Amino acid sequence: MSASKLKNHPTKNNLPTNAKTTVIALLNKNLAAILDLALITKQAHWNLKGIQFIAVHEMLDTFRTDLDEHSDAIAERAVQLGGTALGTSQTVTEASILKPYPEDIYAIKDHLHALIDHYGAVANLVRQSIKDAAEAGDDDSADIFTAASRSLDKSLWFLEAHIQE
């Protein structure tokens, strides 16, 4: 169902209607990307092979936990503003900014390179969303994006550190 066909629910939140509409769309765009990244993280977690297996396997579990917390905060903010959180697999497939994750890779280094590309894309989206939410007048959503940005940047750093010398 198109987001424009969804019902907006009344709320005493006094953000202007146009700000709510803008930010709800922004929240849902980020929600799709983060949910997609969470699934990608598990895809790598389950399938990687190599000498650093246990370290990377366990690191990816912590990344997934962080992503789940941020996706929940983002989805709940959309609903707080009177919108609908769009998190079905069908919506994520249609709305995610991410390119498909390769299913035919196994070597840790290949997963690390693919994950770096995907984490970088979402980190950059979220970082831009901080500015977009603030520009729309919603400091609370900007704060939610800031928390997600810090976490994504840290995860990206951890991933990149594995391939840098």
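Conventions we followed
- Numbers given for residues are sequential positions, taken from 1 along each chain in its written order.
- For a predicted model such as this one, the threshold for reporting local features is a pLDDT of at least 70, and the threshold for listing and counting side-chain atom pairs is 80 or more; totals across whole chains, interfaces and linings nevertheless cover every residue.
- Remark: hydrogens and water are excluded; side-chain values derive from all non-hydrogen atoms of the structure.
- UniProt positions are given in the numbering used here, feature names are shortened, and annotations may be inferred rather than shown by experiment.
- Counting from the N terminus, the helices are DSSP H or I runs at least four residues long and the strands are E runs at least two residues long.
- In this treatment the radius of gyration is a C-alpha quantity, and the globule benchmark scales as 2.2 Å times the residue count to the 0.38 power.
- A helix's residues, less one, multiplied by 1.5 Å, set its expected span.
- Each residue gets one of three labels from its accessible area relative to the maximum for its type: buried under 20%, exposed over 50%, partly exposed in between, using a 1.4 Å probe on protein chains only.
- Every residue pair with non-hydrogen atoms within 4.5 Å of one another is taken to be in contact.
- For our purposes a nonpolar core is just a set of buried Ala, Val, Leu, Ile, Met, Phe, Trp, Tyr and Cys residues, chained together by side-chain atoms within 4.5 Å.
- Each axis is a line fitted through C-alpha atoms, taken for helices only over the stretch in contact, and angles between the N-to-C directions span 0 to 180 degrees.
- Oblique is the label for any angle not covered by the other classes, which are roughly parallel (under 35 degrees), roughly antiparallel (over 145) and roughly perpendicular (65 to 115).
- Crossing handedness: left-handed means the near helix sits turned counterclockwise from the far one by under a right angle, and right-handed means the same turn made clockwise.
- Note that Gly is not counted as nonpolar here; it falls among the polar residues with everything else outside the nonpolar set of Ala, Val, Leu, Ile, Met, Phe, Trp, Tyr, Cys and Pro and the charged set of Asp, Glu, Lys and Arg.
- A pair is scored as a salt bridge if a Lys or Arg side-chain nitrogen falls within 4 Å of a carboxyl oxygen belonging to Asp or Glu.

Looking at an unreviewed UniProt entry, one finds the protein named Starvation-inducible DNA-binding protein, with Pseudochrobactrum saccharolyticum as its source organism. Word for word, the UniProt comment on the protein under Sequence similarities (unreviewed entry) is "Belongs to the Dps family."

*Asks:* How would you sum up the overall build of the protein? Please name residues and give values.
*Replies:* When helices and strands are tallied, the protein shows five helices and zero strands. Listed N to C, the secondary structure of the protein is α-α-α-α-α in terms of helices and strands. Over its C-alpha trace the protein gives a radius of gyration of 17 Å, about what one expects of a compact globule, namely 15 Å for 165 residues. Projected onto the principal axes, the alpha-carbon positions of the protein cover approximately 55 × 30 × 20 Å.

*Asks:* I'd like a description of helix α2 (residues 53-80), backed by residues and values.
*Replies:* For α2, spanning 28 residues, the distance from its first C-alpha to its last is 41 Å, which sits close to the expected 40 Å at 1.5 Å a residue. Restricting attention to buried positions, one finds in α2 the residues V56, H57, M59, L60, F63, L67, H70, S71, I74, A75, R77 and A78. For α2, the elements touching its buried residues are α1 (17-47), α4 (108-136) and α5 (139-163). Trailing α2 by a residue or two, G82 shows a phi angle of about 95°, which is positive.

*Asks:* Any details on the nonpolar core? Residues and values, ideally.
*Replies:* With 43 residues, the main nonpolar core has L60, L115, Y119, V122, L152 and L159 as its most contacted residues. Secondary-structure elements contributing two or more residues to this core are α1, α2, α4 and α5. Discounting residues that sit within four places of it in the chain, L159 has contacts with M59, L60, F63, L112, L115, I116 and Y119.

*Asks:* Please provide a residue-by-residue account of the packing of α1 against α5, values included.
*Replies:* Packed helices, taken two at a time, are described by the angle their axes make and the gap between the axes. With their axes 12 Å apart at the nearest point, α1 and α5 run at an angle of 20° to one another. Looking at the two axes, α1 sits roughly parallel to α5. Viewed along their axes, α1 and α5 form a crossing whose handedness is left-handed. Along its contact with α1, which presents V23, L26, L27, N30 and L37, the element α5 presents S141, F145 and L152. Among the residues making up the contact of α1 with α5, the classes are represented as six nonpolar, two polar and no charged.

*Asks:* Which residues make up the UniProt feature "domain: Ferritin/DPS" (unreviewed entry) in the protein, and what values go with them?
*Replies:* Per the UniProt entry, the sites bearing "domain: Ferritin/DPS" (unreviewed entry) are residues 24-164 in this numbering. For the annotated span residues 24-164, helix accounts for 80% and strand for 0% of the residues, and the straight-line distance between the end C-alpha atoms is 38 Å.

*Asks:* Give a detailed account of the pattern of salt bridges, specifying residues and quantitative values.
*Replies:* Per the stated rule, a full pass over the model turns up seven salt bridges. Note that D140 and R77 form a salt bridge whose closest N and O atoms lie 3.8 Å from each other. One end of the pair, D140, is in helix α5; the other, R77, is in helix α2, with 63 residues separating them in the sequence. Across the pair D153 and R127 runs a salt bridge, and its minimum N-O distance is 2.4 Å. Of the two residues, D153 sits in helix α5 while R127 sits in helix α4, which places them 26 residues apart along the sequence. For D153, a relative accessible area of 29% puts it in the partly exposed group. Among the residues examined, R127 registers a relative accessible area of 31% and is labelled partly exposed. Ionic contacts of the salt-bridge type, sharing partners, join the residues R77, D138 and D140 into one network.

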